[in-house]
Amino acid sequence: RAKAAAAYFPALHYLSVGLEQLDAASWQEHYLLTLALHLEAAEAAYLSADFVRMEQLLATVLAQAQTLLDTVKAYEIKIQAYIARNQLPEAVATALPVLNWLGLSLPAKPNTLHVLRGLLETRLALRGARPAQLLDLPLMRDPIKLATMRVLNKVISATYLTEPLLFALVILKQVALSVKHGNTAESAKAYALYGVILYDVNHQIKTSDQFAELALRLLDRLDAREARAQAFMGVYLFLKPWKEPLRTTVQPLLDGYQSGLATGDTEFAAYLIGA
């Protein structure tokens, strides 16, 4: 990860130089530009493991942001930074209130009944549709739903490692949101991991593989390079080995690793190269 982080030092430098050119009135006179620069610099600081600088920039964003949606990206970066520092409970604790603000309430300590209800709600949302049919869903447009999908996506690994039942709920909610409101890049990973859940629940290998294929086709249709590392992990690490020889998964895992590095998804790049 240190080598990957070093690649983001120049970006942090140039963004910091850009921020220095802003005057005291920039938040009032050039709000969107100032917000974007602060968020980009904060993300570059996170990717460079400069967490002190990251926190300073995010504190400014949270103090100056005019709407809830303008703060969501700041919390996404906070979640990623907690995960990078192996502070997984803190990542989950950061995500849940944000999701609640966005209109999605999830229990911090779900039980089996919560998951069973989530499975039923997801099946009802699918209404018997075949996985391949979901490829033709419209694109998600609602900014609140898009933000919800991103926050759910950011916290997936933390829930997987700390609260497996919450992890299942996160995936089920993403699938249900995609079916009801349209596909987005995060949907590809959600479909793949929904296939994993179906296999874990009752060994539906055929249906699970259909969701894996749906995830791959959706990545291609959306040209969603930023989602490849995460979706490839679900497809080639957890699903394809049930139907294909392990040797056929090696190159896709390496491709996912390279994609993660190229798009700043260093977390899942690390998972893939470790696999």
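Residues numbered from 1 in each chain as written. Predicted model: local features only at pLDDT ≥ 70, side-chain atom pairs only at ≥ 80, totals over all residues. Heavy atoms only, no water.

Examining the pattern of salt bridges
Spelled out, the test is: Whenever Lys or Arg places a side-chain nitrogen within 4 Å of a carboxyl oxygen from Asp or Glu, that contact is recorded as a salt bridge. Where helices and strands are cited, they refer to DSSP runs of H or I of at least four residues and of E of at least two residues respectively, numbered from the N terminus. The cut-offs for exposure are 20% and 50% of the maximum accessible area for each residue type, with area from a 1.4 Å probe on protein chains only; residues under the lower value are buried, those over the upper are exposed, and the others partly exposed.
In the structure shown here, the tally under the stated rule is 13 salt bridges. Lys173 is paired through a salt bridge with Glu121; the nearest N and O atoms lie 3.5 Å apart. Separated by 52 residues along the polypeptide, Lys173 in helix H11 (residues 164-181) and Glu121 in helix H8 (residues 112-126) bring together distant segments of the chain. Residue classification places Glu121 among the partly exposed positions, given a relative accessible area of 38%. A salt bridge links Lys240 to Glu244, with the shortest nitrogen-to-oxygen separation between them at 3.7 Å. Judged by relative accessible area, which is 31%, Glu244 ranks as partly exposed. One salt-bridge network, held together by shared partners, links Asp209, Glu213, Lys240, Lys243 and Glu244.

Thoughts on a nonpolar patch on the surface
Rules: Residues forming no salt bridge and having over 30% relative accessible area are the ones grouped into patches, like charges within 9 Å of each other and nonpolar side chains (Val, Leu, Ile, Met, Phe, Trp, Tyr) within 5 Å. Each accessible area is a Shrake-Rupley result for a 1.4 Å probe, and residues are judged covered by the shown protein chains and nothing else.
Taken together, the side chains of Val250, Leu254 and Ile273 present a nonpolar region at the surface, about 240 Å² in accessible area. Structurally, Leu254 is set in helix H15 (residues 247-263).

So, the confidence of the model for the chain
Inclusion rule: One number per residue, pLDDT, summarises how confident the predictor is, and it ranges from 0 to 100. The contact rule is simple, with two residues in contact once any of their heavy atoms fall within 4.5 Å.
Of all residues in the chain, 92% have pLDDT values of 70 or greater, and the mean over the chain is 89. Below pLDDT 50 for its whole length, residues 1-6 participates in 8 contacts with residues either more than four positions away or in separate chains.

Thoughts on the side chain of Ser26
Following the sequence through the fold, Ser26 ends up in helix H3 (residues 26-29). With sequence-adjacent residues up to four places away left out, Ser26 is seen in contact with Tyr31 and Thr34.

Details of the nonpolar core
The following threshold applies: Among buried residues, the Ala, Val, Leu, Ile, Met, Phe, Trp, Tyr and Cys ones that are joined through side-chain atoms within 4.5 Å form a nonpolar core.
Residues Leu106, Val151, Ile171, Tyr191, Tyr194, Phe211 and Leu219 are the most contacted members of the largest nonpolar core, which totals 68 residues. Setting aside residues up to four positions removed in sequence, Ile171 forms contacts with Ile156, Ala190, Leu193, Tyr194 and Ile197. Among the nonpolar cores identified, the runner-up in size contains 20 residues, and Trp27, Tyr31, Leu37 and Leu58 belong to it.

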